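The chain contents come next:
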Amino acid sequence: KLMEAMTRTLANADMRGARGVPSNKDLDAAAKAAHAFWETQPVTQFSAERSAPELPEGAIQPPQKVEDVRQEPYKLPSAYEWCTCDVNDAQEIVEVYTLLTNNYVEDDDNMFRFDYSKEFLRWALKLPGYTSQWHIGVRAKTSKKLVAFISGVPARIRVQSAVVRMAEINFLCVHKKLRSKRLAPVLIREITRRVHLRDTWQAVYTAGVVLPKPLATCRYWHRSLNPKKLIDVGFSRLARNMTMARTIKLYKLPEQPLSPGIRPMHPADVPAVTALVTTYLQQFAIAPVLSEEEIAHLLLPAAGVVSSYVIGGEGGRVSDLCSFYTLPSSIIGNPEHSTLKAAYSFYNVATSVPLEQLMTDALILAKQDDFDVFNALDIQHNEAFLKDLKFGPGDGFLHYYLYNWRLNKELQPRQVGLVML
Ligand code: MYA
């Protein structure tokens, strides 16, 4: 997921200030802001660091007994009611899609808005073990229109040496006409209650906004695949001293992948890919623990949703994996182009070829599939190839958060192994 910060390429590093990247001063200001809701929640507070740096790492609050969890849903303003959204239902998935496509995350200048497809939303919400109790909507009582949404899916997340059952929270959205009415805290309290009812006491989430208190602050980088379109729609700018023709040449890629034998992942690869990914993820301070069933769900290629390629013998040892998911953005108010087709780097493991070569292949395969841009966070080992493969830094950050779990030290992006959708 990411980003909850929709970000764009910065044409030149010196333009960062002008393009809305918060300076350290802004982050300090955010840290000093009052958080009437978040200050009541079991999350690391900005002030805790100063007052009590040596509290033990781990759960902030002990688990309750499930039978002691509040039974009634939280109260909504009287014109609204709770619903669960059945993402298997053709009409209900359209309702979730429509709410998000019109009201979800935009960049700072309101030029682009995430346009998660119906197929993608179904995929992201139907992780093994999912429950529709965690796909929560709010409807207007009279019109029944869906006006807000929040979701959770179950996950096992390793934080340093502890493997913790958590909810991954995503797709929090309040209709534009209902903003700033403190509906978001009610949605968060309600999903917390329903997660507690399933004996789960921790959660992980990412957001573009600064809240108490980021576990890690990461940045998006963007690799132009279709530079002319990106410049035409204002996603990136022509660099100083560059013509369009030179820019197109700069980003040109080989027609075919560099690694002989690279091919789409097949169901028979699931055990080998699970082993490869499991070993790879052990080196990060925070990473998911993925079963074969979860790997199959997350990584087997699904058109318009996720693309995964491997190197290695069919059904036998797999030495390398690259993957990316499809998350287009609506281009707001552009007469010529309505959609930006973006690929987001997912899980990549290189053992038989250099990582830079594997990621070049990912770019080539994404280009073959007509993506306009390839995005990656500076997490995992991505720093090692971003600059050389001509990614440019974006103008937003993605902050990682844990609910009811304390870590005493902020993590560096390269210590983060978890990718959220
Ligand atoms: S991140 C994606 C969030 N979605 C968007 O950005 C879409 C566009 N924006 C909107 O739809 C609204 O602006 C939202 C806020 C819904 C974001 N995460 O109702 P309000 C706090 C957490 O008056 P609105 C994603 O999906 C804000 O600081 N809190 O505001 C992960 C303030 O609290 P405080 C946020 O603008 C979500 C309060 O809400 C966020 O109308 C993870 C204001 O409420 C945010 N992104 O609505 C959720 N934005 O006063 C947490 C604002 O204290 C999960 N706020 O500062 C926690 C774990 C729960 C499970 C636990 C289980 C154990």
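As shown above, the structure is provided for reference.
What counts, and where the lines are drawn
Residues numbered from 1 in each chain as written. Predicted model: local features only at pLDDT ≥ 70, side-chain atom pairs only at ≥ 80, totals over all residues. Heavy atoms only, no water. Helix = DSSP H or I, 4+ residues; strand = E, 2+ residues; numbered from the N terminus. Near = heavy atom within 4 Å. Polar contact = N/O pair within 3.5 Å; in protein donor to acceptor, adjacent residues only side chain to side chain. Areas by Shrake-Rupley, 256 points an atom, 1.4 Å probe, with all protein chains shown as cover. Phe/Tyr/Trp six-rings, centres within 6.5 Å; stacked < 30°, edge-to-face > 60°. Buried < 20%, exposed > 50% of the residue type's maximum accessible area, 1.4 Å probe, protein only. Axes fitted to C-alpha atoms, helices over the stretch in contact; angles between N-to-C directions. Parallel < 35°, antiparallel > 145°, perpendicular 65-115°, else oblique. Contact = heavy atoms within 4.5 Å. Nonpolar A, V, L, I, M, F, W, Y, C, P; charged D, E, K, R; others polar.

> Give me the lowdown on the environment of Ala31, citing residues and values where you can.
Assignment of secondary structure puts Ala31 in helix α1 (residues 24–32). When the C-alpha atoms of Ala31 and Gly129 are compared, they prove to be 36 Å apart, with 98 residues separating the residues in sequence.

> How would you sum up the site of the ligand? Please name residues and give values.
As a structural note, the neighbourhood of the ligand is formed by 35 residues, with His35, Trp38, Leu172, Ser180 and Ala184 the closest of them. Separating an oxygen atom of the ligand from a backbone N or O atom of Ala36 is a distance of 3.3 Å. Separating an oxygen atom of the ligand from a backbone N or O atom of Ser180 is a distance of 2.7 Å. If the ligand stood free it would expose 1200 Å²; the protein chains cover 89% of that surface. If you list the elements that add at least two residues to the shell around the ligand, you get β5 (162–174), α5 (183–196) and β6 (202–207). The leading source of residues in the shell around the ligand is α5, at seven residues.

> Quick one: what's the story with the packing of aromatic side chains, residue by residue and with numbers?
Counting across every chain of the model gives 24 aromatic pairs. Between the aromatic rings of Phe324 and Phe371, the centroid separation amounts to 5.7 Å while the plane-to-plane angle is 85°, which identifies the pairing as edge-to-face. Highlighted residues: Phe324 in strand β11 (residues 318–326) and Phe371 in the loop between α10 (355–368) and β15 (373–377), separated in sequence by 47 residues. Residue classification places Phe371 among the buried positions, given a relative accessible area of 1%.

> Report on the packing of helix α3 (residues 90–103) against helix α4 (residues 118–125), specifying residues and quantitative values.
Packing of α3 against α4 brings their axes to within 9 Å, and their N-to-C directions diverge by 105°. Overall, the two elements α3 and α4 adopt an arrangement that is roughly perpendicular. Residues Ala90, Ile93, Val94, Val96, Tyr97 and Leu100 of α3 touch α4, and the partners they reach there are Lys118, Leu121 and Arg122. The residue inventory of the contact of α3 with α4, partitioned by class, reads seven nonpolar, no polar and two charged.

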